[in-house]
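As a plain string of letters, each chain reads:
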Amino acid sequence: MNIAEIELYVIQMPLKSPFVTHLEAVNDRKGIIVKVTCKDGVSGFGEGVAFSTPWYTEETVTTSLHMLKDILIPLLQKHPIKHPEEASKLFSSIRRNNMAKAALETALWDLYAKSQTKPLSKILNGTRPAIASGVVVATDSTVKAIQQIEQYLEQGYQRIKVKINPNQDYAFLAEIRRHYPDLPIMADANSSYSLQDIDRLKALDDLNLMMIEQPLAHDDIIEHAQLQKEIRTPICLDESIVTFEDARKAIEFGSCKVINIKVGRVGGLYEAKRIHDYCFEKGIPVWCGGMIEFGISRVHNIALASLPGFSIPGDISASSRFWEEDIITPEVTVENGFITVPESPGIGYEINENRLQEVLLAKKTFTFPK
Ligand SMILES: O=C(O)CCC(=O)c1ccccc1C(=O)O
Ligand SMILES: [Mg+2]
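Scoring rules and cut-offs
- Residues numbered from 1 in each chain as written.
- Chains lettered and ligands numbered in written order.
- Predicted model: local features only at pLDDT ≥ 70, side-chain atom pairs only at ≥ 80, totals over all residues.
- Heavy atoms only, no water.
- UniProt positions renumbered as here; feature names shortened; annotations may be inferred.
- 1 Å grid on protein atoms, 1.4 Å probe; cavity = no way out; pocket = protein on both sides within 12 Å on 5 of 7 lines; lining within 4 Å.
- Buried < 20%, exposed > 50% of the residue type's maximum accessible area, 1.4 Å probe, protein only.
- Contact = heavy atoms within 4.5 Å.
- Helix = DSSP H or I, 4+ residues; strand = E, 2+ residues; numbered from the N terminus.
- Polar contact = N/O pair within 3.5 Å; in protein donor to acceptor, adjacent residues only side chain to side chain.
- Axes fitted to C-alpha atoms, helices over the stretch in contact; angles between N-to-C directions.
- Parallel < 35°, antiparallel > 145°, perpendicular 65-115°, else oblique.
- Left-handed = near helix turned anticlockwise from the far one by under 90°.
- Nonpolar A, V, L, I, M, F, W, Y, C, P; charged D, E, K, R; others polar.
- Salt bridge = Lys/Arg side-chain N within 4 Å of Asp/Glu carboxyl O.
- Donors = N, O, S within 2.8 Å, 3.2 Å for Na, K, Ca; no water.
- Phe/Tyr/Trp six-rings, centres within 6.5 Å; stacked < 30°, edge-to-face > 60°.
- Lys NZ or Arg CZ within 6 Å of the ring centre and 35° of its normal.
- Core = buried A, V, L, I, M, F, W, Y, C linked by side-chain atoms within 4.5 Å.
- Domains from an automatic or database assignment.
- Near = heavy atom within 4 Å.
- Areas by Shrake-Rupley, 256 points an atom, 1.4 Å probe, with all protein chains shown as cover.
- Sits in = over half its atoms within 2 Å of the grid points.
- Expected span 1.5 Å × (residues − 1).

Within this numbering scheme, the UniProt entry marks Lys-163 and Lys-262 as carrying the feature "active site" (unreviewed entry). Residues that both appear in the annotated list above and line the largest cavity are Lys-163 and Lys-262. With relative accessibility at 10%, the residue Lys-163 sits in the buried group. Dropping the residues within four chain positions of it, Lys-163 is found in contact with Phe-19, Val-20, Thr-21, Val-136, Val-137, Ala-138, Gln-168, Phe-172, Asp-188 and Asn-190. Position of Lys-262 among the secondary structure elements: in the loop between strand 10 (258-261) and helix 10 (263-266). Setting aside residues no more than four positions away along its own chain, Lys-262 makes contact with Tyr-56, Asp-238, Gly-289, Gly-290 and Met-291. At a separation of 3.2 Å, a polar atom in the side chain of Lys-262 contacts the side chain of Asp-238.

Structure follows, in structure tokens:
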């Protein structure tokens, strides 16, 4: 791919309002933007989606920077590649650190798509001209949740996801259901239950939820299979699926009926697409998860969600869901509940250079041998 230079930008931006789960309240988001420029001057962009602390996965912004600077970029300098799929294979010699890998791998996909003058969605075999948009409500107040849902429905979102835990489940969801009898609602527990809570989880069956996401341990597929036998609500796995093999085993084992695919969590677009293709073949619906991301990761998600198996509205919302001003231009917008899949080459969005400078904490450049 003839890489000349890689730049890493560390940025930080406040959220419009706190994102509260039982694990963490996110007020400020740090992130990493990766810019890969090839010898003829074309640039591709990726985003590292690890958080500042390891509450969702074990990675952090600091571990991602270490992996990128000291391991992944040097590996790419030593082993030139012709196609982004080779990056995924090259990085497989490094254990885990999926978000760091994805930050670089997704930039290579954007660069490759631009070099082919094709939209990234088409390079990935996407078929949808627009994707259905859903949004997440993350608050510990029922009143706030209903206010937020009201706003989001006015903005056209097609599906609402709410965060739950054993201290905020049945009564909270029942109140939302009472306000919105027909609304497609899903609940995300982020591993806040154990099998001892089975009665609490069974009780949720009468609320007509689309699914319950990751009720049990972040690294479990055994007990989720036991639980799925006992509840009618489909289980969707998020944290438990970090590789293609995890997805294959979870499906074979009956641990879930739906999978949330996140590019960062699985180490890049290649692995995400493999999981999609497998689920599509097995008739397992998938949707694209979110990471409170900036625009670059958001638009990679749009390209991925254009694949045919993404049949459920995911956590891909407008830039304005979290940010006063995003780092891309134009911003991602939702119209009548849909986000248009761009038709220009690569990710199909530009960097908002002024905004990037405003939120920049640090920058580092790596040059490649001629
Ligand atoms: O819309 C979004 O970006 C939020 C999606 C979300 O729920 C989330 C955000 C950060 C970390 C984990 C999760 C999750 O899906 O569990
Ligand atoms: Mg989740």
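A few words on the packing of helix 2 (residues 84-91) against helix 3 (residues 98-115). Following both chains from N to C, one finds helix 2 and helix 3 inclined at 160°, their axes separated by 9 Å at the closest point. Relative to helix 3, the element helix 2 lies roughly antiparallel. Crossing hand, helix 2 versus helix 3: right-handed. Here helix 2 contributes Pro-84, Glu-85, Ala-87, Ser-88 and Phe-91 to the contact with helix 3, which in turn contributes Lys-101, Leu-104, Glu-105, Leu-108, Trp-109 and Tyr-112. Split into classes, the residues belonging to the contact of helix 2 with helix 3 amount to seven nonpolar, one polar and three charged.

Bringing the pattern of salt bridges into the picture now. Within this structure, the stated rule accounts for 17 salt bridges. The salt bridge partner of Arg-274 is Glu-271, with a shortest N-O separation of 3.3 Å. Of this pair, Arg-274 and Glu-271 both sit in helix 11 (residues 269-282), three residues apart, which is roughly one turn of that helix. Taken together, the salt bridges that share partners define one network made up of Arg-159, Lys-161, Lys-163, Asp-188, Glu-213 and Asp-315.

As a further point, take the coordination of the magnesium ion (ligand 2). Taken together, Asp-188 (OD), Glu-213 (OE) and Asp-238 (OD) make up the full set of protein donors to the magnesium ion (ligand 2), lying 2.1 to 2.3 Å away. Positions of the donor residues of the magnesium ion (ligand 2) along the chain correspond to the pattern D-x24-E-x24-D. Here Glu-213, found in strand 8 (residues 212-213), pairs with Asp-238, found in the loop between strand 9 (235-237) and helix 9 (244-253); they are 25 residues apart in sequence, far enough to count as distant. Of the two residues, Glu-213 and Asp-238, both sit in the buried class.

What follows concerns the packing of aromatic side chains. On inspection of all chains with the given rule, the structure shows seven aromatic pairs. A ring pair is formed by Phe-51 and Trp-55, whose centres lie 4.8 Å apart and whose planes are at 40°; its orientation type is tilted. In terms of burial, Phe-51 and Trp-55 fall into one category: buried. Pairing Tyr-152 with Tyr-157 gives two aromatic rings, centres 5.7 Å apart and planes at 90°, and the pair type is edge-to-face. Across this residue pair, the class does not change: Tyr-152 and Tyr-157 are buried. The structure contains a cluster of three or more aromatic residues connected by ring pairs, namely Phe-19, Phe-294, Phe-322 and Trp-323. Of note, Arg-274 hangs over the ring of Phe-244, and the distance from its end group to the ring centre comes to 4.1 Å. Sitting above the plane of the Phe-366 ring, Lys-364 keeps its charged end 5.5 Å from the centroid.

Moving on: the side chain of Ser-306. Along the chain, Ser-306 falls in the loop between helix 12 (295-305) and strand 12 (328-329). A polar atom in the side chain of Ser-306 sits 2.6 Å from the backbone oxygen of Ala-303.

Val-162, Ile-164, Leu-173, Ile-176, Ile-259 and Ile-302 are the most contacted members of the largest nonpolar core, which totals 98 residues. Each of two domains, domain 1 (3-117 + 352-363) and domain 2 (122-340), supplies a minimum of three residues to this core. Setting aside residues up to four positions removed in sequence, Ile-164 forms contacts with Asp-169, Phe-172, Leu-173, Ala-187, Asp-188, Ala-189, Ser-192, Tyr-193, Leu-204 and Ile-212. With 29 residues, the next largest nonpolar core counts Ile-94, Leu-104, Leu-111 and Phe-366 among its residues.

Close to ligand 1 lie 18 residues, the nearest being Lys-163, Asp-188, Asn-190, Lys-262 and Ile-292. Taking Met-291, its main chain carries an N or O atom lying 3.2 Å from an oxygen atom of ligand 1. Protein contact buries 100% of the 390 Å² of open area that ligand 1 shows by itself. Using a 2 Å cut-off from the grid points, one finds that ligand 1 occupies the largest cavity. Split into classes, the residues belonging to the shell around ligand 1 amount to eight nonpolar, two polar and eight charged. Both of domain 1 (3-117 + 352-363) and domain 2 (122-340) provide at least three residues apiece to the shell around ligand 1.

Our focus in this paragraph is helix 11. End to end, helix 11 covers 20 Å across 14 residues, agreeing with the expected 20 Å (1.5 Å per residue, within 8%). Residues of helix 11 that are buried include every one of Leu-269, Tyr-270, Glu-271, Ala-272, Lys-273, Ile-275, His-276, Tyr-278 and Cys-279, and no others. One or two positions beyond helix 11, positive phi appears at Gly-283, with a value near 75°.

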